[in-house]
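Breakdown of the fold
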Amino acid sequence: GTREKNVKNMVCFSYRLKAAARYARDLIQRGMLGTIYHVDMQYYQAWGLPFCQTPLVWRFQKDLTGSGALGDLGSHALDLERFVTGQEYTFRITRFGYGRGNYQTMEIYGSEGAIQYELDHVAPDIDEISICIGQANAEAHVFTKLPIPDKYKVDQMQSFADIINGKEDGMA
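Note that this is a predicted model, so its numbers are computed, not measured.

Thresholds, definitions, all that
- Residues numbered from 1 in each chain as written.
- Predicted model: local features only at pLDDT ≥ 70, side-chain atom pairs only at ≥ 80, totals over all residues.
- Heavy atoms only, no water.
- Salt bridge = Lys/Arg side-chain N within 4 Å of Asp/Glu carboxyl O.
- Helix = DSSP H or I, 4+ residues; strand = E, 2+ residues; numbered from the N terminus.
- Buried < 20%, exposed > 50% of the residue type's maximum accessible area, 1.4 Å probe, protein only.
- Contact = heavy atoms within 4.5 Å.
- Pairing = 2+ DSSP bridges.
- Axes fitted to C-alpha atoms, helices over the stretch in contact; angles between N-to-C directions.

Focus on the pattern of salt bridges
Per the stated rule, a full pass over the model turns up 11 salt bridges. Between Arg-92 and Asp-40 there is a salt bridge, with the nearest N and O atoms lying 2.5 Å from each other. One end of the pair, Arg-92, is in strand β2 (residues 91-94); the other, Asp-40, is in strand β1 (residues 36-44), and 52 residues separate them in sequence. With its nearest N and O atoms 2.6 Å apart, the salt bridge here joins Asp-72 to Arg-95. In this pair, Asp-72 sits in helix α3 (residues 69-85) while Arg-95 sits in the loop between β2 and β3 (103-110), placing the two residues 23 residues apart along the sequence.

See below:
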């Protein structure tokens, strides 16, 4: 295997490189949500709809993909859930989400708080995080959008270069 031969490699689960996902992961690891009770992940795209006139690319050919949207989108949804929460939950995916580009929402509910991670809600490729912590916020049903500190912002190609150069952060 790659470990025995010391081959540097990376599976491109690109959403674990989103700053909002890394911030959510850190908040959870610091215990901000308490015990996690429920996670709801959705990953919707529209480009499988007939009006999109998407060419017959490998993603739509069973003999090339084997699992279709489940492997293509589902693998990313599952990895993102596992990356952020450390656990696996059920999720919803589709390529027939009319009007959606690369739309993702992950809601995480715990005993002490909740987080909502979003990608592609306000504009393409924009990731955001909202949080509800504290009994007063919970009673008022208030989620607050958090600014994401720069330390969570990473570049995919730089992350791969860091792996090759032995400077990886262990999260890519």
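Here we look at the environment of Gln-53
As for its placement among the helices and strands, Gln-53 is situated in the loop between β1 and α2 (62-65). Taking C-alpha positions, Gln-53 is 33 Å from Phe-160, a pair spaced 107 residues apart along the chain.

Quick notes on helix α1 (residues 19-29)
Across the 11 residues of α1, 10 count as buried, placing the element largely inside the fold. Of the residues making up α1, those classed as buried are Ala-19, Ala-20, Ala-21, Arg-22, Tyr-23, Ala-24, Arg-25, Asp-26, Leu-27 and Ile-28. For α1, the secondary structure elements touched by its buried residues are β1, α3, β3, β4 (113-119), β5 (127-133) and β6 (144-146). Looking one or two residues past α1, Gly-31 carries a phi angle of roughly 85°, positive in sign.

A closer look at the sheet that holds β4
Pairing in this open sheet of 6 strands is mixed, and the strands run β2-β1-β3-β4-β5-β6 from one edge to the other. Both edges of this open sheet fall to β2 and β6, since each of them pairs with a single strand only. For this sheet the average axis-to-axis angle between neighbouring strands, irrespective of direction, equals 15°. Of the pairings in the sheet, the one linking β3 to β4 comprises 6 bridges and is antiparallel in character. Residue Met-106 lies in a different strand from β4, and its bridge partner there is Tyr-117. Against the sheet, α1 touches β1, β3, β4, β5 and β6, its axis set at about 25° to β5. Along the sheet, α3 makes contact with β1, β2, β3 and β4, crossing β2 at roughly 145°.

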